[in-house]
Amino acid sequence: MSRFFLTTAIDYVNSRPHLGTAYEKIAADVIARYKRLAGSETRFLMGNDEHSQNVFKKATEEGLDPLAYCDRMEVEFRRTWKHLDISFDDFIRTTEPRHTAGVTELARRIHATGDIYEGVYEGWYCLGCESFKQEKDLVDGKCPLHLTIPQWIKEKNYFFRLSKYQRPLLEHFEAHPEFLQPDIRRNEILRLVESGLEDISVSRAGQAWGIPLPFDAKSVVYVWFDALINYASAVGLGGDQTLFKKWWPADLHIVGKDITRFHSVIWPAMLMSATLPLPRQVYGHGFMTLNGQRMSKSLGTIVDPIEAANRFGVDPLRLYLMKETAFGSDGDFSWDRFAERYNVDLANNLGNLISRVSAMVHRYRQGTVRPVGAVSDQLAQVGNQAASDYRRSMEALALHEGAAAAYRLIDATNEYISETAPWHLAKDPAMGDRLSQVLFDATEAIRLAAVLLSPVMPSSAGEILRRVGSRADALNLHQDGRWRPDGERVLVQEGPLWPRTETGKEQIRVTDKPGSSDQPALTPKSQTHTHTDLSPSSNAQPLQSRISIDDFMKVELRVAKVLSAERVPKSKKLLKLQVDVGTEHRTVVAGLADTYEPEALIGRSVVVVANLQPATLMGVESNGMILAASPDGAKPIAVSFDEPPPPGTRVR
Ligand code: MSP
């Protein structure tokens, strides 16, 4: 049996979990559940990062001993993860003795290699990031992420010879392209490592909250150095050797893009220095925003994941987060969009399909279906294709594509029912076998879709499987994740799994098939998603050239503010722009030099396609595209706003 050890970032406990931190845990949970479904012995680790100064500060403000404060927060975190159905196997806190043992062991090993030396650190430190900042990292003297002025510190520190690992790291990236994914992060980090690495501070002086350095108990280990080691201490580093041998190295670290650098540069260098094996993959996912804005407590843009889960249920939230956003890219949460997707994907599509099929099976076959041999392999083929697409996507961590593959089968089943019209077959006694087979196939398609969706919607999948008369325990992708043409199924007919919600914001039309008034339930074949502004004149375009709202939503359009602009050397048309896309600053190359002087663009807000793969134009890597209208023969005009919304706002 293969093994799979995956981890998430461990969270700072100075505030409660929010939808952004929860997004990461849900994604990792989907991967863990998929791995178990695929038959791997899986170990899924999560935890809390407690030795941060912000935690110490928060505890002091609340008049609590820091450990007592962390104990209280652990309850809060565990409660949230339980509510969201996160199936971790182990939960580590950095104040546990097993973690101290791991940190002590790794620090001792690195020290023994000669990679730690004493020095004096003088410079900026951002409490929010818990990291040392260089002047060039600051914007107007502030940390661009936390918008606060960092502390100036001067203290005796121990330094880690990170610079020594520049070449070994580059060699590792070269030999293992899969080590850091997705490619956009890999490219970013490669560039960073290529530009040279400086030694880093790994201790803090004069602080009591932290793990003492094994070779100088007057200093504590720097919180990031401490935190990264959790992945190894949780599986026995410095303690249980058997456990360590069994599980190390980790197969996958799931972390946000803001901390990919720590995981793909500092962490592997620490392990190289300690002569321990490196994790097989680091995956840097994107950020979740709220209505296009960075989630931040001070901006009031935090969403409580429990509140979000209570809106329509945990599984609808998990599906929305996983299916709506390409994993790896940034995603946006909005309450309206959540309600819209709930109605389309669950109430109208999957939920209605289940209701219709079980109603028909009860009406026409007393609740039991069995195949009769008149194989209609049309749906079976779609099912097997969806299952193999699903497997490929999930193995590549394209979680959104995994969900989309399951939905292709659901869509095809809805269409199949409309085409075969069981309500007509039921009127013709000569079509009895055909009717049985059609109902069996539809039931089997629902079963298979439920298995494929089970990592995303664990409890709903169990309920669907119960309703279609299939086993829901100990599922196995190899046996259960393919079309099964045989076996009797006894269906349970109960109320709708996901009642439609009225949002008032969108209109969702569910059309009855003409002339089929005796259908047991509505036909959702065309869950026509009509926005109010779809005017009749827009019908002039031929239908087949249109795209679905899902296709459109794949394009991530965002407001970006131009921070700097310059001509690309030797190019007449190209400008190189630095833009603020809300969560980060990016370089974008735009063909606007004919229209605008570079200075004229600085400070303007434009629209960028934020999730384009990077492209190199005249030797400059562009990470996005600026939207511009190019009338025939005239110069391109950048799309702009009268009153610009904040950078990062999603445009749709
Ligand atoms: N404690 C460090 C991680 C140490 S790992 C050895 C930390 N903690 S955190 O609480 O700030 O963030 C935890 C995780 O949540 C990180 O991977 C971070 O990128 C992720 N996210 C925080 N906000 C997020 C969004 N708005 N969207 C998606 N992920 C987000 O960093």
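Residues numbered from 1 in each chain as written. Predicted model: local features only at pLDDT ≥ 70, side-chain atom pairs only at ≥ 80, totals over all residues. Heavy atoms only, no water.

On to the pattern of salt bridges, then. With the rule as written, the count across this model stands at 53 salt bridges. For the salt bridge of Glu-494 with Arg-466, the shortest nitrogen-to-oxygen distance reads 2.9 Å. Of this pair, Glu-494 sits in the loop between strand E19 (489–490) and strand E20 (507–510) while Arg-466 sits in helix H18 (residues 458–467), placing them 28 residues apart in sequence. Taking relative accessible area as the criterion, Arg-466 reaches 37% and is therefore assigned partly exposed. A salt bridge links Arg-471 to Asp-480, with the shortest nitrogen-to-oxygen separation between them at 3.2 Å. Where salt bridges share partners, they join Glu-50, Asp-71, Glu-74, Arg-78 and Arg-93 into one cluster. (Salt bridge = Lys/Arg side-chain N within 4 Å of Asp/Glu carboxyl O. Helix = DSSP H or I, 4+ residues; strand = E, 2+ residues; numbered from the N terminus. Buried < 20%, exposed > 50% of the residue type's maximum accessible area, 1.4 Å probe, protein only.)

Turning next to the sheet that holds strand E10 (residues 203–205). Strand-to-strand pairing in sheets goes through backbone hydrogen bonds, with the strands running parallel or antiparallel. A sheet is described by the order of its strands in space; here three strands give the open sequence E10-E12-E11, paired in antiparallel fashion. Across the chains shown, the open sheet's two edge strands, defined by having one partner strand only, are E10 and strand E11 (212–213). Relative to strand E12 (residues 216–221), E11 runs antiparallel, the two being bridged by two bridges. Within E12, the position partnered with Leu-213 by the bridge is Asp-216. (Pairing = 2+ DSSP bridges.)

A few words on the site of the ligand. Residues in contact with the ligand amount to 23 residues; listed here are only the nearest, Ile-10, Glu-24, Asp-49, Asp-258 and Met-288. One of the side-chain nitrogen or oxygen atoms of Glu-24 is found 2.5 Å away from an oxygen atom of the ligand. Separating a nitrogen atom of the ligand from a side-chain N or O atom of Asp-49 is a distance of 2.7 Å. Protein burial of the ligand: of its 650 Å² of free accessible surface, 92% is covered by the chains. (Near = heavy atom within 4 Å. Polar contact = N/O pair within 3.5 Å; in protein donor to acceptor, adjacent residues only side chain to side chain. Areas by Shrake-Rupley, 256 points an atom, 1.4 Å probe, with all protein chains shown as cover.)

Attention shifts here to the packing of helix H1 (residues 19–37) against helix H12 (residues 314–324). The geometry of H1 relative to H12 is characterised by a closest axis approach of 10 Å and an angle of 90° between their N-to-C directions. Relative to H12, the element H1 lies roughly perpendicular. Residue-level inspection shows Leu-19, Tyr-23, Ile-26, Ala-27, Asp-29, Val-30 and Arg-33 of H1 in contact with H12, the latter providing Leu-317, Arg-318, Leu-321 and Met-322. Tallied by class, residues from the contact of H1 with H12 come to eight nonpolar, no polar and three charged. (Axes fitted to C-alpha atoms, helices over the stretch in contact; angles between N-to-C directions. Parallel < 35°, antiparallel > 145°, perpendicular 65-115°, else oblique. Contact = heavy atoms within 4.5 Å. Nonpolar A, V, L, I, M, F, W, Y, C, P; charged D, E, K, R; others polar.)

Inspection of the entire model under this criterion finds zero disulfides. In this model Cys-70 remains outside any disulfide bridge; the closest cysteine sulfur is found in Cys-126, 19 Å from its own. A relative accessible area of 0% means that Cys-70 is categorised as buried. (Disulfide = S-S within 2.5 Å.)

In this section: the sheet that holds strand E9 (residues 200–201). The antiparallel open sheet is built from four strands, whose spatial order is E6-E5-E7-E9. On the outer flanks of this sheet lie strand E6 (131–133) and E9, each paired with one strand and no other. Note that strand E7 (residues 151–160) and E9 share two bridges and pair antiparallel. Residue Phe-159 lies in a different strand from E9, and its bridge partner there is Ser-201.

Take the pairing of E12 next. Both E10 and E12 contribute to a ladder of three bridges, which runs antiparallel. When the sheet's bridge partners are listed, Arg-204 is paired in E12 with Val-220.

By size, the foremost hydrophobic cluster in this structure holds 101 residues, and its most contacted members are Ile-31, Leu-317, Leu-321, Met-322, Phe-333 and Leu-350. With 13 residues, helix H17 (residues 432–453) is the largest single contributor of residues to this core. Not counting residues up to four positions away in its chain, the partners in contact with Leu-350 are Asp-345, Tyr-407, Ile-410, Leu-453, Met-457, Ile-464 and Trp-498. (Core = buried A, V, L, I, M, F, W, Y, C linked by side-chain atoms within 4.5 Å.)

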